[in-house]
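Understanding the architecture of this molecule
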Amino acid sequence: MEENSASASTAHVLIFPLPAQGHVNSMLKLAQLLALHNLHVTFLNTEYIHNRLTRFGNIQALSAASYPTLHFKTISDSYTENQHPGFGSSGIKDVFTSLSLYGKPLLREVLASQSAGIPKVSCIIVDGVFGSLATDVAAEFGIQLIHFRTISACCYWAYFCAPRLFETNELPIRGDDDMDRIIKNIPGMENLLRCRDLPSFYREGKEIDKPLSLDSIISMTLQSLEADAFILNTFDDLEGSVLSQIRLHFPKLFTLGPLHHHLNTRKTTSSEHPSNSFKSSLYEVDRSCMTWLDSQAKGSVIYVSFGSTTSMKKEQMMEIWHGLVNSNKRFLWVVRPDTVAGGIEGVAVEVEEGTKERGLIVGWVPQEEVLAHEAVGGFLTHSGWNSTLESVVAGVPMICWPYFADQQVNSRFVSEVWKLGLDMKDVCDRNVVEKMVNELMDGRREEFQRSAKKMALLANKSVSQGGSSHSNLDDLIGFIKSRGRG
Ligand code: UDX
């Protein structure tokens, strides 16, 4: 294979993600993929995130021996472990504000500093959520600029079409609006989304803590038009009709997903880069769940996780917990220490008993492995984009309980377009949870499993030799190398 025989390229890519779990995950997969192809890659992290990756993700596994062209650099985010605002939406807002203020000079400093024996940076792949940080800097240094958005294409397109929705008076959504009102003017998704399926930031008067205003979301979305190319972590068979709309505006769009599976596939076909133990985890992984899963019957467990940023009220947690116990199904549930502000007390005896008998609650799991385990038959998820793609690859049907941002759109696509499960958005009721778990795991099990299996095959095809994401990665590497400099 080319990546095994070629010497290191003169191209050098700087990758700069938003410092949050979902963003770091997918951009680090891309970093590894590019380094597998002997491009020099510098992954730029904040100190806080890098320290957590070192403690919990075993970042040492990405050493010079396995990835000689992958380098790590950190910038200060001025937070100590105890001061960090966390990854909830208000925490993300703080991190975002801090980076908007200090990110540009720090980026400039990183680009100006030279490392001996490594070519100068020739390309920046920046997280599109703060793409504006890099626009001037890339121009100053005369280097290529590529934006990467870690959300789905369908959500990106819903953001992109916001100005049109204001023109057609379909936005704003007002407090007293009918949330089932159909949105008609998003090309490629006409009459599919209801108000409630639009990104959460479009909602007015809702108690969702918004990390960003709608105006800034629209401007960051449109800013990607100024980049030399655009990357999305998706695949053509999944989001083809939306992608064909996006391509009308982005002639250089590279769809490379599902990136985690793409990386695993390319690694297994490369003898010099065997799989290693690196996990891009920012939390301490509790592996006891794997032993527990080993003792469960095939397809019997519903896995429950709401990602790294979702926070919920105690009442919501109780409704979900009662619903899971009442469903009589076995469940594995990730509850992070900060999932419920103020913690949980006063759990009903029958819920505790039911959990002891049929459930396991842990702080953080190796999610890709969990979803691939044969005991797992369903996923109750917040519909974060990484979780959605991981479920697609594993062929696991979903119940969606979206929290914020892109998740409202993703869950609509899961239920109505891809037919991979059920959408529980805006409802948190124990009876509904119980009913949906039973529907997913029993009543409509075969129907959902059939479509999940089909989609998993398409995901696999996309990252295999000749597949769309596989070819697009080769094209992206060619595109980056065409501007590489010695
Ligand atoms: C959020 C958004 O929801 C997402 O759509 C956006 O692209 C990035 O920001 P997050 O809420 O963290 O991300 O969800 P998700 O995108 O699903 O990412 C969570 C990641 O954490 C997944 O890769 C998942 O495998 C991992 N995870 C989660 C674990 O490894 N262990 C766990 O216990 C839970």
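So, how was this worked out
- Residues numbered from 1 in each chain as written.
- Predicted model: local features only at pLDDT ≥ 70, side-chain atom pairs only at ≥ 80, totals over all residues.
- Heavy atoms only, no water.
- Helix = DSSP H or I, 4+ residues; strand = E, 2+ residues; numbered from the N terminus.
- Rg over C-alpha atoms; globule rule 2.2 N^0.38 Å.
- Buried < 20%, exposed > 50% of the residue type's maximum accessible area, 1.4 Å probe, protein only.
- Contact = heavy atoms within 4.5 Å.
- Areas by Shrake-Rupley, 256 points an atom, 1.4 Å probe, with all protein chains shown as cover.
- Lys, Arg positive; Asp, Glu negative; His and termini not counted.
- Charge placed at Lys NZ, Arg CZ, Asp CG, Glu CD.
- Near = heavy atom within 4 Å.
- Polar contact = N/O pair within 3.5 Å; in protein donor to acceptor, adjacent residues only side chain to side chain.
- Pairing = 2+ DSSP bridges.
- Axes fitted to C-alpha atoms, helices over the stretch in contact; angles between N-to-C directions.
- Salt bridge = Lys/Arg side-chain N within 4 Å of Asp/Glu carboxyl O.
- Right-handed = clockwise from strand over helix to strand, strands pointing away.
- Phe/Tyr/Trp six-rings, centres within 6.5 Å; stacked < 30°, edge-to-face > 60°.
- Core = buried A, V, L, I, M, F, W, Y, C linked by side-chain atoms within 4.5 Å.
- Domains from an automatic or database assignment.
- Buried area = accessible area lost by both parts, 1.4 Å probe.

**Description of the overall build of the protein chain**
The helix and strand inventory of the protein chain stands at 19 helices and 13 strands. Taken over the C-alpha trace, the protein chain has a radius of gyration of 22 Å; the compact-globule value for 486 residues is 23 Å, and the two agree within 12%. Over its C-alpha atoms, taken along the principal directions, the protein chain stretches across nearly 65 × 55 × 45 Å. For the protein chain, buried positions account for 60% of its 486 residues. Contacts spanning at least 24 positions in sequence make up 75% of the contacts within the protein chain whose residues lie at least 6 apart. Carbon together with sulfur atoms contributes 49% to the accessible area of the protein chain, which is approximately 18,800 Å² in total. In the protein chain, which carries 46 positive and 55 negative side-chain charges, the distance between the mean positions of the two groups comes to 3 Å.

**Comments concerning the site of the ligand**
The immediate surroundings of the ligand are formed by 21 residues, with Ser308, Ser387, Glu390, Asp406 and Gln407 found nearest. Trp364 is positioned with one of its side-chain polar atoms (N or O) 3.4 Å from a nitrogen atom of the ligand. Contact between the ligand and Ser387: an oxygen atom at 2.6 Å from a side-chain N or O atom of the residue. Relative to its unbound accessible surface of 670 Å², the ligand loses 94% to contact with the protein. Within the residue set of the shell around the ligand, elements represented by two or more residues are helix H2 (21–36) and helix H15 (385–394).

**Some points on the sheet that holds strand S13 (residues 421–423)**
Spatial strand order, S10-S9-S8-S11-S12-S13: six strands in an open sheet with parallel pairing. Two strands close off the open sheet at either side, each with one partner strand: strand S10 (359–362) and S13. With direction set aside, neighbouring strand axes in the sheet form an average angle of 15°. Pairing analysis gives three bridges linking strand S12 (residues 398–400) to S13, with the strands arranged parallel. Each residue of the ladder has a partner; that of Met398, found in S13, is Gly421. Across the face of the sheet, helix H13 (residues 349–358) comes into contact with strand S9 (330–334) and S10 while running at roughly 95° to S10.

**Observations concerning the pattern of salt bridges**
Under the defined criterion, the tally for this structure stands at 24 salt bridges. Across the salt bridge formed by Lys425 and Asp423, the nearest N and O atoms sit 2.6 Å from each other. Both residues of the pair, Lys425 and Asp423, belong to the buried class. Each of the salt bridges in this network shares a partner with another, and the network as a whole consists of Asp180, Arg194, Arg196, Asp197, Arg203, Arg412, Asp423, Lys425 and Asp426.

**What to know about the sheet that holds strand S6 (residues 229–232)**
Read from one edge to the other, the open sheet built from seven strands follows the order S3-S2-S1-S4-S5-S6-S7, with strand pairing classed as parallel. Two strands lie at the open edges of the sheet, namely strand S3 (70–75) and strand S7 (253–255), each paired on one side alone. Direction aside, the axes of adjacent strands within the sheet are offset by 20° on average. One ladder, built from four bridges, connects strand S1 (residues 12–16) with strand S2 (residues 40–46); its direction is parallel. Across the sheet, residue Leu14 finds its bridge partner in S2, namely Thr42.

**Structural notes on the pairing of S10**
On a regular strand, one side chain projects to one face of the sheet and the next to the other, so that they alternate. As paired strands, S9 and S10 are joined by four bridges and run parallel to one another. Each residue of the ladder has a partner; that of Leu332, found in S10, is Leu360. For the crossover from S9 across H13 to S10, the handedness is right-handed.

**Describing the packing of aromatic side chains**
Summed over the entire model, instances satisfying the criterion amount to 18 aromatic pairs. With a centroid separation of 6.2 Å and an interplanar angle of 65°, the aromatic rings of Phe160 and Phe250 are classed as edge-to-face. One end of the pair, Phe160, is in helix H6 (residues 153–160); the other, Phe250, is in the loop between helix H9 (236–247) and S7, with 90 residues separating them in the sequence. For the pair Phe160 and Phe250, one class covers both residues: buried. Geometrically, the ring pair formed by Phe413 and Trp418 is tilted, given 5.5 Å between the ring centres and 55° between the ring planes. What links up through ring pairs into an aromatic cluster is the set Tyr156, Trp157, Phe160, Phe230 and Phe250.

**A word on unusual backbone geometry**
Looking along the chain, the bond that leaves Leu171 and enters Pro172 is cis, with omega of 0°. Along the chain, the position of Pro172 falls in the loop between helix H7 (162–167) and helix H8 (214–223). Put simply, Gly257 and Pro258 share a cis peptide bond, and its omega is -10°. Phi at Ser383 is positive, roughly 65°, even though this residue is not glycine. By relative accessible area, which is 0% here, Ser383 ends up buried.

**Points about the nonpolar core**
Where a protein is soluble and globular, its nonpolar side chains tend to be buried together. Leu30, Leu34 and Ile125 are the most contacted members of the largest nonpolar core, which totals 139 residues. Of all the elements, H2 adds the most residues to this core, at nine residues. The residues that make up this core include at least three from each of domain 1 (12–281 + 465–484) and domain 2 (288–365 + 374–443). Non-local contacts of Ile125, meaning those with residues more than four positions away in its chain, are made with Val13, Leu14, Ile15, Phe16, Met27, Leu30, Leu34, Ile146, Phe148, Ile231 and Ile480.

**Quick word on the domain arrangement of the protein chain**
One can read the domain layout of the protein chain as domain 1 (12–281 + 465–484) and domain 2 (288–365 + 374–443). Once you take the C-alpha centre of each, domain 1 and domain 2 turn out to be 26 Å apart. With 38 residues of domain 1 at the contact, the number on the domain 2 side is 25 residues. Between domain 1 and domain 2 lies a buried interface of about 2,600 Å² when both sides are counted; carbon and sulfur atoms form 63% of it. The largest contributions to the domain 1 side of the interface with domain 2 come from Leu192, Leu238 and His260, which together make up 19% of the buried area. Remark: the boundary between domain 1 and domain 2 carries four salt bridges. Notably, a salt bridge pairs Arg203 with Asp426, separated by 3.1 Å at the nearest N-O pair. Between the two partners, domain 1 and domain 2, sit twelve residue pairs in polar contact (both at pLDDT 80 or more).

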